[in-house]
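# Structure assessment
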Amino acid sequence: MANGQANDQASGRTNGQWYPPEWPDRIRALAAGTLTPVTPKRAATVMLLKDAGAGPAVHMLRRRTSMAFAGGAYAYPGGGVDPRDDDRDIGWAGPTRGWWADRLGVDEAGAQAIVCAAVRETYEEAGVLLAGPTGDSVVGDTTGADWEADRAALVDRELSFAEFLDRRRLVLRSDLLGAWARWITPEFESRRYDTWFFVAALPEGQRTRNASTEADRTVWITPAEAAAGYDKGELLMMPPTIATLRGLAACGTVAEALASAPGRDMTPVLARARLVGGEIVLSWPGHDEFTKHVPSTDTAAPSGPAPATPSDPTGGTLA
């Protein structure tokens, strides 16, 4: 059982939020000026969708319960930007890098890196590749031995994504992605990520699989079912995961989710901690359900639903 889960049970918590037990001390240190925030690393994660009987289903993986960081938490395929993701032009289809720069709030090189990270990490962790021989096609089955060898080389960073696309004579299909949200790990966390969340439909002919060494299972589940499991305390999740699931639950089909993506607010969500009287108030702008009140001199975990680190959804190692 993760430390956060043990603290939650002791405090009578009923939902599935993961709580890092060291947070109160780090928040106090930040308030006292003895903790210097680290610069967040850029990351991307993709909510793969397919239509199911009760609406769209989303592909989720569960982090291994043995992991110290968010062990047992459900998340999406994703991970950090590889420095080589923006080192040269690659085969590119869909909106221009300039368009993506405006949408993601970064420069063009950063936009390429983030979009590449989203596509690359989805292939590395789920075996799904959003690329094709032409700008209006997508590769089919990617489960052969030769594909697996390339995927392993990407994971081990022996092969850059640009080299992979060149070798395969593929172009990245940026038009298959929809930017959905952006979350930044709080300043008091030791591992920080600036993470962009995307939606994408599972390409026809491709299959998801558990290709991540950090996950012990994967599931296809409707956002409403996943949110219900979280609310009952049956599924452990971090704040950005449950927040994006609640947004997806309003979409009746995959097409509806993709169509709504361009209108989504991409203002970064960054948790804030402030001292008010004798307690620390922790809040995420626009997400009141995660607001917490921590006694400023108490090292115990706060009572009630406990907050979780909105880090790189795969944990950064994956948040």
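Since we're looking at a predicted model, the values are computed, not measured.

### Remarks on the overall build of the chain
- Of the regular secondary structure elements, the chain holds nine helices and 15 strands.
- Looking at the chain as a whole, 54% of its 319 residues are labelled buried.
- Of the roughly 12600 Å² of accessible surface on the chain, 49% is carried by carbon and sulfur atoms.

### Here's the deal with the pattern of salt bridges
- Overall, the coordinates contain 18 salt bridges when judged by the stated rule.
- Of the charged contacts, one joins E148 and R151 as a salt bridge, the two residues approaching to 2.8 Å between their closest N and O atoms. Of the two residues, E148 and R151 are both situated in helix α5 (residues 145-155); the distance of three residues between them amounts to about one turn of the helix.
- Residue classification places E148 among the partly exposed positions, given a relative accessible area of 27%.
- On the accessibility criterion, R151 (7% relative accessible area) is buried.
- Across the pair D194 and R182 runs a salt bridge, and its minimum N-O distance is 2.7 Å. Of this pair, D194 sits in strand β9 (residues 193-201) while R182 is found in strand β8 (residues 178-184), placing the two residues twelve residues apart along the sequence. An identical accessibility class is assigned to D194 and R182; each is buried.
- Through salt bridges with shared partners, one network takes in D82, R84, D85, R120, E121, E124 and R157.

### Some remarks on the sheet that holds strand β5 (residues 92-93)
- Ordered in space as β5-β7-β6, the three strands form an open sheet in which the pairing is mixed. In the strand order of this sheet, the two ends are held by β5 and β6 (131-132), each with one partner.
- Bridging between β6 and strand β7 (residues 171-173) involves two bridges; their strand directions are antiparallel. In the strand pairing of β7, A131 is matched with L172.

### Overview of the nonpolar core
- In this structure, L104, L129, L177 and F198 are the most contacted members of the largest nonpolar core, which totals 39 residues.
- When contributions to this core are tallied by element, the ones reaching two or more residues are β1 (41-52), α3 (97-104), α4 (108-126), α5, α6 (161-168) and β9.
- Sort the elements by how many residues they give to this core and α4 lands first, with nine residues.
- The contact partners of L177, leaving out residues within four places of it in the chain, are V46, W100, V115, A118, V119, L130, F198, V199 and A200.
- Judged by nonpolar contacts, the second largest core, of 38 residues, contains L49, Y76, W180 and A181.

### Overview of the environment of S137
- Secondary-structure assignment places S137 in the loop between β6 and α5.
- In the structure, S137 is positioned 44 residues away from A93 in sequence and 10.0 Å away in space, judged by C-alpha atoms.
- With near-sequence residues (within four places) excluded, S137 lies in contact with A131, G132 and R173.
- Reaching out from S137, the side chain makes a polar contact with the side chain of T134 at a distance of 2.8 Å.

### Some words on a negative patch on the surface
- Taken together, the side chains of D86, D87, D102, D107, E108 and E163 make up a negatively charged region of the molecular surface.
- Residue position: E108 is located in helix α4.
- A residue is classified by how much of its surface remains accessible, and E108, at 49% relative accessible area, is partly exposed.

### Description of the pairing of β9
- Of all the nine residues making up β9, eight are buried; the element is thus mostly covered by neighbouring parts of the structure.
- One ladder, built from nine bridges, connects β1 with β9; its direction is parallel. Each bridged residue has a counterpart across the sheet, and for R42 the counterpart in β9 is D194.
- Bridge analysis of β8 against β9 gives six bridges, and the strand direction is antiparallel. In the strand pairing of β9, A181 is matched with F197.

### Some details on α3
- By the burial criterion, the buried members of α3 are R97, W100, A101, R103 and L104. An end-on view of α3 places all buried positions within 165° of arc, on one side of the element.
- Here the buried face of α3 lies against β5, α4, β8 and β9.
- Of the residues flanking the end of α3, it is G105, one or two places downstream, whose phi is positive at about 75°.

### Re helix α8 (residues 239-248)
- Within α8, nine of the ten residues are buried, which leaves it mostly tucked inside the rest of the structure.
- Within α8, burial applies to P239, P240, T241, I242, A243, T244, L245, G247 and L248.

### Comments concerning unusual backbone geometry
- Although it is not a glycine, R157 adopts a positive phi angle of roughly 60°.
- Examined against the element boundaries, R157 turns out to sit in the loop between α5 and α6.
- Here R169, not a glycine, exhibits a phi torsion of approximately 55°, which is positive.
- With respect to the helices and strands, the residue R169 is situated in the loop between α6 and β7.

Cut-offs and rules
Residue positions are given per chain, counting from 1 as you read along its sequence in written order. Totals for whole chains, interfaces and linings use all residues, but because this is a predicted model, local features are given only for residues with pLDDT of at least 70 and pairs of side-chain atoms are given and counted only at 80 or more. Calculation of side-chain values draws on the structure's entire complement of heavy atoms; hydrogens and water are dropped beforehand. Helix and strand assignments follow DSSP, with helices taken as H or I runs no shorter than four residues and strands as E runs no shorter than two, numbered in order from the N terminus. The cut-offs for exposure are 20% and 50% of the maximum accessible area for each residue type, with area from a 1.4 Å probe on protein chains only; residues under the lower value are buried, those over the upper are exposed, and the others partly exposed. Areas reported here follow the Shrake-Rupley algorithm with a probe of radius 1.4 Å; residue values treat only the protein chains shown as occluding. By definition, a salt bridge exists where a carboxyl oxygen of Asp or Glu is found within 4 Å of a side-chain nitrogen of Lys or Arg. Strands pair, by our definition, only if DSSP identifies at least two bridges between them. We define a nonpolar core as any set of buried Ala, Val, Leu, Ile, Met, Phe, Trp, Tyr and Cys residues linked to one another through side-chain atoms lying within 4.5 Å. Whether two residues touch is decided by their heavy atoms; if any such pair falls within 4.5 Å, the residues are in contact. Definition of a polar contact: a pair of N or O atoms within 3.5 Å, with one able to donate and the other able to accept a hydrogen when the atoms are protein atoms, and with sequence-neighbouring residues admitted only if both atoms are side-chain atoms. Note that patches include only residues with greater than 30% relative accessible area and no salt bridge, and the join distances are 9 Å for like charges and 5 Å for nonpolar side chains (Val, Leu, Ile, Met, Phe, Trp, Tyr). His is not counted, nor are the chain ends; Lys and Arg add positive charge and Asp and Glu add negative charge. Every charge is mapped onto a representative atom, which is NZ of Lys, CZ of Arg, CG of Asp or CD of Glu. It is the directions from the helix axis to the C-beta atoms whose arc is reported.

All we've got here are geometric facts, nothing functional implied.
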